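Topology and contacts: notes
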Amino acid sequence: MKKYFSFLLFLFLLFGCSNQNDNVKNAAFLDTMNISFDDIFSRVDSIVIKNSQSSYIKTLDIYKILKFKDKYLIISASNREILALDGSNNISIIARKGDGPGEVQLPADFLVNSQNNLFVLDARKNVVLFFDSNFVFQNNYLLSFAHRTPLSMLNINNDQFLIGAERNLGDGATSTNYKFIQFEDISYLNYYDKKFKLGKGILHPSKELLFTFGAFSRPDEGGLARVTTNGNYIYAILQDGIYRVNIFNKNGDFVNAVKISNKNFKRINIDKLKDFKLKNGRSNYSLEKTGKIIASFTKPISMINIGNSLIVQFKEPYSNYFPQFRDNDIFYYHIDLFKINKNELIPIATTYPNRMKIIGKYKDVIYFIKEKYEEQRKIIKIYKYKLKEKFE
């Protein structure tokens, strides 16, 4: 096994490159490492939800699942609720849809910190809801006006959070004084302290796409955060059609960027955008043309780490945006696997497209669902997998 990883490290160093102009210090090649989903993962168990309490999970689209004590917490996207499932298949509502205390309008993410407190990110209300370990609502924290819809949340430590949102306004911006910043200074990850006061922003637009002013970089909801931590480093990726993993230290200082080459990843075709223009905030492209471009490239939807293994999952083109450009409602995904070597990534493998979507992890267990669930489905299965030993 050591010889296997030594050989991969040799290939990585052999093909690595440095480019200070776009901050890419290394390149990783996955073009010839295609394997099946079952070659990487072993199924260990499943969670079966009997859809008898139809008022709770009638149209269940699971954004995320989280193991907490003897329960599983679930974001039900269609019902816009936070649910708790116990070992007897009983479902209770922690936060229901509404505008009252402890209620949500559009739950996008949640997490439990080291004190077993629950934090729920509401994308529509731009707040973080705080519940104690017994799920009793305690407080609402209003997030900054300086960024758009928040879609993901990561706990760096007990004093710091990272919120995934497009911060395009300057400090002190209000509804009557927007204070727009330059597009190249926009940040997509934003530090917040334990009282959810906004700090600095990191992860900026790709230099290759500055001329588009973000016209084709609309966020895709319904996935886990595209950011994770391992040791002293933060790993993050954008949904802009450029495959680059950005690496920061825990203070948010840029350390490295790894540019990935993978035939499974359909890049945005920059050459076909040369005639794109933005005048007075309006694009010269029609909405249909813009939509087709956004739908045409691969989008990362989640990034997790199991020990020193980094797993990045992607939605395939035309599975990920604008339903009018899809062939059907079956979504396809692929997974890229890397070994983390401090602030570098060693490519291991990429899977063929499949229908298994990551919705969470607990220790070394990864939770998957298979495609989108329909209203009439009476049994919903969430599958538990582990990385096979040779990939751990």
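Let me sum up the structure you'll find in this document. (Residues numbered from 1 in each chain as written. Predicted model: local features only at pLDDT ≥ 70, side-chain atom pairs only at ≥ 80, totals over all residues. Heavy atoms only, no water.)

This part covers the overall build of the chain. Broken down by element type, the chain carries four helices and 28 strands. For the chain, the computed accessible surface area is about 18,400 Å², with 47% contributed by carbon and sulfur atoms. (Helix = DSSP H or I, 4+ residues; strand = E, 2+ residues; numbered from the N terminus. Areas by Shrake-Rupley, 256 points an atom, 1.4 Å probe, with all protein chains shown as cover.)

A separate point is the nonpolar core. Counting 20 residues, the largest nonpolar core has Ile40, Phe41, Ile311, Ile366, Phe368 and Leu387 as the members making the most contacts within it. Residues within four places of leucine 387 in sequence aside, it is in contact with Ile40, Phe41, Ile306, Ser309, Ile311, Leu337 and Glu392. (Core = buried A, V, L, I, M, F, W, Y, C linked by side-chain atoms within 4.5 Å. Buried < 20%, exposed > 50% of the residue type's maximum accessible area, 1.4 Å probe, protein only. Contact = heavy atoms within 4.5 Å.)

A few words on a nonpolar patch on the surface. There is a patch of nonpolar side chains on the surface, built from Phe145, Tyr178 and Phe180 and spanning about 340 Å² of accessible area. Note that phenylalanine 145 resides in the loop between strand S11 (137-142) and strand S12 (152-157). (Patch = residues over 30% accessible without salt bridge, like charges linked within 9 Å, V, L, I, M, F, W, Y side chains within 5 Å. Salt bridge = Lys/Arg side-chain N within 4 Å of Asp/Glu carboxyl O.)

Tracing the sequence through the fold places glycine 360 in strand S26 (residues 356-362). Along the primary structure glycine 360 and lysine 64 are separated by 296 residues, whereas in three dimensions their C-alpha atoms are 5.7 Å apart.

Looking now at the sheet that holds strand S3 (residues 41-50). In spatial order, the strands read S3-S28-S27-S26; together these four strands make up an open sheet with antiparallel pairing. The open sheet terminates on both sides in strands that have one partner only, identified here as S3 and S26. Here the average twist between neighbouring strands, direction ignored, is 30°. (Pairing = 2+ DSSP bridges. Axes fitted to C-alpha atoms, helices over the stretch in contact; angles between N-to-C directions.)

Once that is clear, we can look at helix H4 (residues 287-296). Because each turn of an α-helix spans 3.6 residues, side chains separated by three or four positions in sequence point in the same direction. Taken together, the buried positions of H4 are Thr290, Gly291, Ile293, Ile294, Ala295 and Ser296. Those residues of H4 hidden inside the fold are in contact with strand S22 (299-306).

Scanning the entire structure with this criterion turns up 25 aromatic pairs. With a centroid separation of 5.0 Å and 70° between ring planes, the pair formed by tyrosine 243 and phenylalanine 314 is classed as edge-to-face. Here the residue tyrosine 243 occupies a position in the loop between strand S17 (233-237) and strand S18 (244-249), and phenylalanine 314 occupies one in strand S23 (residues 309-315), the gap between them amounting to 71 residues. Both residues of the pair, tyrosine 243 and phenylalanine 314, belong to the buried class. Ring geometry for phenylalanine 265 against phenylalanine 314: centres 5.6 Å apart, planes inclined by 80°, an arrangement best described as edge-to-face. Separated by 49 residues along the polypeptide, phenylalanine 265 in the loop between strand S19 (254-261) and strand S20 (278-279) and phenylalanine 314 in strand S23 bring together distant segments of the chain. Take phenylalanine 314: its relative accessible area is 0%, and that puts it in the buried class. Ring pairs connect the aromatic residues Phe119, Phe130, Tyr141, Phe161, Tyr192 and Phe196, which therefore count as one cluster. A cation sits over an aromatic face here: lysine 274 above phenylalanine 211, 5.8 Å from the ring centre. (Phe/Tyr/Trp six-rings, centres within 6.5 Å; stacked < 30°, edge-to-face > 60°. Lys NZ or Arg CZ within 6 Å of the ring centre and 35° of its normal.)

The four strands lie next to each other as S12-S13-S14-S15, forming an open sheet whose pairing is antiparallel. The open sheet has two edge strands, S12 and strand S15 (198-202), and neither has a second partner. The mean angle between the axes of side-by-side strands here comes to 30°, regardless of whether they run parallel or antiparallel. Direction of pairing for strand S13 (residues 160-167) relative to strand S14 (residues 187-193): antiparallel, over a ladder of six bridges. Opposite glycine 164, over in S14, you have leucine 189 as the bridge partner.

Attention now moves to the side chain of threonine 290. Among the structural elements, threonine 290 can be located in helix H4. If sequence neighbours within four positions are ignored, threonine 290 has contacts with Ala215, Phe216, Arg218 and Tyr285.

If a residue is not glycine, its phi is most likely negative; likewise, a peptide bond is most likely trans. Located in the positive-phi region is arginine 80, a residue other than glycine, with phi close to 55°. By the secondary structure assignment, arginine 80 is in the loop between strand S5 (71-76) and strand S6 (81-85). Even without being glycine, asparagine 126 reaches a positive phi, approximately 60°. In this fold, asparagine 126 is placed in the loop between strand S9 (118-122) and strand S10 (127-131). Residue asparagine 126 is classed as buried on the basis of its relative accessible area, which comes to 15%.

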